[in-house]
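# Commentary on secondary and tertiary structure
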Number of protein chains: 4
Amino acid sequence: MSNGHIFVGEVIGTAILILFGAGVCAAVTLRYSKARASGWVVIAFGWGFGVLAGAYTAAPLSGGQLNPAVTIGIAIDTGKWGKVWVYLLGQLVGAMLGAVLAYLVYLAQFQANVRKEGTTEGTADEPVPTLGIFSTIPEIRNPVANLITEIIATVALVLPILAFGLTKGLGESGTTVLIVSLLVVGIGLSLGGPTGYAINPARDLGPRIVHTFLPIPNKGTSDWGYAWIPVAGPLIGGVLAGAIYNAAF
Amino acid sequence: MSNGHIFVGEVIGTAILILFGAGVCAAVTLRYSKARASGWVVIAFGWGFGVLAGAYTAAPLSGGQLNPAVTIGIAIDTGKWGKVWVYLLGQLVGAMLGAVLAYLVYLAQFQANVRKEGTTEGTADEPVPTLGIFSTIPEIRNPVANLITEIIATVALVLPILAFGLTKGLGESGTTVLIVSLLVVGIGLSLGGPTGYAINPARDLGPRIVHTFLPIPNKGTSDWGYAWIPVAGPLIGGVLAGAIYNAAF
Amino acid sequence: MSNGHIFVGEVIGTAILILFGAGVCAAVTLRYSKARASGWVVIAFGWGFGVLAGAYTAAPLSGGQLNPAVTIGIAIDTGKWGKVWVYLLGQLVGAMLGAVLAYLVYLAQFQANVRKEGTTEGTADEPVPTLGIFSTIPEIRNPVANLITEIIATVALVLPILAFGLTKGLGESGTTVLIVSLLVVGIGLSLGGPTGYAINPARDLGPRIVHTFLPIPNKGTSDWGYAWIPVAGPLIGGVLAGAIYNAAF
Amino acid sequence: MSNGHIFVGEVIGTAILILFGAGVCAAVTLRYSKARASGWVVIAFGWGFGVLAGAYTAAPLSGGQLNPAVTIGIAIDTGKWGKVWVYLLGQLVGAMLGAVLAYLVYLAQFQANVRKEGTTEGTADEPVPTLGIFSTIPEIRNPVANLITEIIATVALVLPILAFGLTKGLGESGTTVLIVSLLVVGIGLSLGGPTGYAINPARDLGPRIVHTFLPIPNKGTSDWGYAWIPVAGPLIGGVLAGAIYNAAF
């Protein structure tokens, strides 16, 4: 695969992933959305099927890695580092593009995210904080615990992906992407509770940059103080998964 | 495939799609339904598995496109336009047939959609508006924003479908239809919040025609003022997806 | 396949189907169940994955039809009627066995289905009616409408199953059963609202016989006046699906 | 497969299974989790996709059995008992490791599991009991009924798994693990209501040992009086499934 194909594939695939992922968070969070308050199962399946859509679309161009933690895990496994920077660049650009697309899909909802007429400050009709649509926010702010959560959840993503490659016949079949997307649903359901499961540095950093610059009414903080954890945690998790894989398989 | 096979396949397949889709909206909306108020996750999976049922049934006859936006995206990709009109005609007829079938499945519920005895006007026991069972209604009526939502959501449907064809072995296997149906579940969960995700001109127009003419008690408006958006948006999205595909892949 | 294999396969497969199906209805209905009141999505997936479990188990013995409507649809398609009686007998016996197994799984819950101590007649703490765990009950009792619902829902099951056989490569692969089980989930979500979707004469009749004879405390009526509809409707639907298939495919 | 590969595969695979399974129970149970109170459907899919993740990862090393009841069912079927002890040892060690990992993912939530400031004893703000995150607890404590529930639910797991091996082409394809994981979702939805569906002796015993020794604040009882049922029930179920399989197939 040429650098151009890889870059375009990762941009398109990661953009679709984030369009679905930020989209489902907007769907569940914002007022005037038909899916408002429809619960955690909707969040987890929305992100998982975003992986399905993005990875399948990107597969013929770049293989559809869409995640720096996956790319680094694969590089550790194969020892091929030459094209890693193309993957990472495409993933970050794609994540930013996807966040803008999700914003456009929910444009009218974002514009209506103001205090409801006739209500007063401090009530449930205040504007909804918007950062959670774009990037992750921990329920309990505890850097060590948050980092551990992201590391373990990322190992639970990357180690199975590396192992899938070994199982006979899977590499070429359409089933692999389906299984990885259901794996991501499972990580969301099971391990997403404490931090909102970044498990992908591009997924968190790209949309956070977009959130910082987009002119969203009442958008609230972009919380850059937390931003290093959903980057560092998944990177450490990707390295750890690659190391476990090389040692055990 | 002969024109006859294509027409029959698209009629049957789209009828099944709309039977499931309008059916699940009736299931969640109408009084005296066991699935009443069971939430957005039921809506999204109901529509997605309607794609599964319809596309699989139509596959041996017409390939199971069931959606003018998909048909046009494929025509732009392949350059073959000769049979497009047969697909489109079958899809519109099938969508109308499916809406009638869904009405018949929920016949007793539609007939019972009256004000509950002993209650007064303006209470929660008034008849449920029925258009949302047949066609899409935006949460915020904003033509530009609604059109953007439908365009992006349709690109997110058609571009992956076009890309799926490239992945080795998928074209012949049963997995493709399964993946497309889960993709539609994902679009519903993630991108359906603002407009109810037509992403298919036949899916919206056919049932709206049926809603206009069926003698449903207390059916409310058929809202023809909005009807052009769920037709134009998906058509633009299909063209755009075909163009992106030809440029990038 | 010998008659013995067919009979044993259909008994085991249908028993597993009803174990899961009656089980999930008990899980959602009965007091002292961890899944109590968990909603329609749980019902629909529980029944669908019951098809998955039962059909896969029965596949090497009998092909895993598990439903007289499916068996008759296939017989109309293939013209082979000689072994139909073996299938039907196995399905009825299996459905009865499955209902007994589901009763045993929820034995303590059934035994605890009494009025809560200290409460009075007519409150929410009265015993739960148990027939809905075993057999279907319409929300609105209207024989014509109920029959139409069951006929259309059964066509939506059997016609896709017949068409699946035509799609290249599906017949031998493991994907077919998975797709049929998700189709059943979709029928539940979309078409189950009015009557509780029997779509299978054995699924309704077998457990109703068991309900009549099992010594369940406070079991309530077995409602034999309705019992002909979930038998006749699916049989008509199976015949109709076979006829449509022969005409259109 | 060497003893070393089997042991490592079963440790890693079972650890991932329990990480997801105990994780989803923590996600739904503990305060300050984004998935709190998201319902039984989340529990059932979380455990099922834990099987998906664990079995796929372990597949190239040990085949991914992850459950003594499955291992014993297969041994009865094949007559090969020589390596059973390696599987069982790996499964128990893996289950303990997975429970520790789930504890680490929810570390901040476990540490915050104290009475909310300013509230008094006996209110809803008391610490949540934690054993249900690690091991199963029956809704109604009735040894005979609980044992019957676990036996039947385990037969419903192991008999389909044994039968899957017979269906042509399944053994080598990636679809098998997907189907087994959805089977586990179905068992959870349908048969999990009375006892919380151990259906796996290692899944219950390993985390119970960990719960006994981990320094969790306000952890409550480890309930060793019940511990024999989720070990004996699944073992009996596995033997029974193997016997039924040998007799019927």
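Coordinates for the structure precede this section.
Residues numbered from 1 in each chain as written. Chains lettered and ligands numbered in written order. Predicted model: local features only at pLDDT ≥ 70, side-chain atom pairs only at ≥ 80, totals over all residues. Heavy atoms only, no water.

## Quick word on the overall build of chain A
As a reminder of what qualifies: Numbering of helices and strands starts at the N terminus; helices are DSSP runs of H or I of at least 4 residues and strands are runs of E of at least 2. Only protein chains enter the accessibility calculation, which uses a 1.4 Å probe; a residue whose area is less than 20% of its type maximum is buried, one above 50% is exposed, and one in between is partly exposed. Any two residues whose heavy atoms approach within 4.5 Å at even a single point are treated as in contact. Only the protein chains shown count as cover for residues, and the accessible areas themselves come from Shrake-Rupley with a 1.4 Å probe. Here Asp and Glu are counted as negative and Lys and Arg as positive; His is not counted, and neither are the chain ends. Charged side chains are reduced to one point each, which is NZ for Lys, CZ for Arg, CG for Asp and CD for Glu.
Of regular secondary structure, chain A possesses 10 helices and zero strands. For chain A, the sequential pattern of α-helices and β-strands runs α-α-α-α-α-α-α-α-α-α. In terms of overall dimensions, chain A has C-alpha extents of about 65 × 35 × 30 Å along its principal axes. In chain A, which comprises 249 residues, the proportion classed as buried is 64%. Counting only contacts in chain A whose residues sit at least 6 apart along the sequence, the fraction spanning at least 24 positions is 78%. Within the structure as shown, chain A displays about 8,000 Å² of accessible surface, and the carbon and sulfur contribution to it stands at 67%. Across chain A, the 12 positively charged side chains and the 11 negatively charged ones have centroids separated by 4 Å.

## Description of the relation of the copies chain C and chain D
Here is the rule: The copies are overlaid by a least-squares fit using only the C-alpha atoms of residues whose pLDDT is at least 70 in both copies.
When chain C is fitted to chain D, the best match, at an RMSD of 0.0 Å, comes from turning it 90° and sliding it 0.0 Å along the axis. One copy is carried onto the other by what is essentially a four-fold rotation axis. Relative to the rotation axis, the C-alpha of Thr175 of chain C is the closest in chain C, positioned 4.9 Å from it. A distinct binding surface is used by each copy, with only 11% of the interface residues of chain C retained as interface residues in chain D.

## Observations regarding the interface of chain A and chain B
To keep it simple, the criterion reads: The buried area of a pairing is the accessible area, by a 1.4 Å probe, that goes missing from both parts when the two are put together, added over both. Criterion for a salt bridge: a side-chain nitrogen of Lys or Arg within 4 Å of a carboxyl oxygen of Asp or Glu. Throughout this description, a polar contact denotes any pair of N or O atoms lying within 3.5 Å of each other; where both atoms belong to protein, one of them has to be capable of donating a hydrogen while the other can accept it, and for residues adjacent in sequence the pair is counted only when both atoms sit in side chains.
In this complex, chain A contributes 38 residues to the contact, which on the side of chain B involves 38 residues. For the pairing of chain A and chain B, the buried interface totals around 3,200 Å² over both sides, and the portion due to carbon and sulfur atoms is 78%. A salt bridge links Glu139 of chain B to Lys34 of chain A; the shortest N-O distance between them is 3.2 Å. Seen at the junction of chain A and chain B, the total is seven residue pairs in polar contact (both at pLDDT 80 or more).

## Here's the deal with the relation of the copies chain A and chain B
At an RMSD of 0.0 Å, chain A and chain B line up after a rotation of 90° and a shift of 0.0 Å along the axis. Interface overlap between copies: only 11% of the residues of chain A at the interface are likewise at the interface in chain B, consistent with a contact formed by different surfaces.

## Re empty space enclosed by the protein
Condition: Residues are called lining when one of their atoms sits within 4 Å of a cavity or pocket point, these points coming from a 1 Å grid over the protein atoms alone, where a cavity is a set in which a 1.4 Å probe fits but cannot get out and a pocket is an open set with protein on both sides within 12 Å along at least five of seven lines. Grid points are joined across faces, edges and corners, and a volume is the space filled by probe spheres set on the points. Residue polarity follows a fixed list, in which Ala, Val, Leu, Ile, Met, Phe, Trp, Tyr, Cys and Pro are nonpolar, Asp, Glu, Lys and Arg are charged, and the others, Gly among them, are polar.
One pass over the full model with this rule turns up three cavities of 30 Å³ or more. Here the largest cavity is characterised by a volume of approximately 160 Å³. Around the largest cavity, the lining comprises 16 residues; the ones closest to its centre are Leu182 of chain A, Leu182 of chain B, Phe49 and Leu182 of chain C together with Leu182 of chain D. Within the residue set of the lining of the largest cavity, elements represented by two or more residues are helix 2 (40-62) and helix 8 (175-191) of chain A, helix 2 (40-62) and helix 8 (175-191) of chain B, helix 2 (40-62) and helix 8 (175-191) of chain C together with helix 2 (40-62) and helix 8 (175-191) of chain D. Of the pockets and cavities examined, the second largest cavity occupies roughly 40 Å³. Together, Thr175 and Leu178 of chain A, Thr175 and Leu178 of chain B, Thr175 and Leu178 of chain C together with Thr175 and Leu178 of chain D line the second largest cavity. Elements that contribute at least two residues to the lining of the second largest cavity include exactly helix 8 of chain A, helix 8 of chain B, helix 8 of chain C together with helix 8 of chain D. A per-class count over the lining of the second largest cavity returns four nonpolar, four polar and no charged.

## Observations regarding the interface of chain C and chain D
Of the residues lining the interface, 38 residues belong to chain C; the matching set on chain D comes to 38 residues. Around 3,200 Å² of area is buried between chain C and chain D when both sides are counted, 78% of it from carbon and sulfur atoms. Three residues stand out in chain C for area buried against chain D, namely Lys34, Tyr56 and Val105 of chain C, and they jointly supply 22% of the buried area on that side. Here chain C and chain D share one salt bridge between them.

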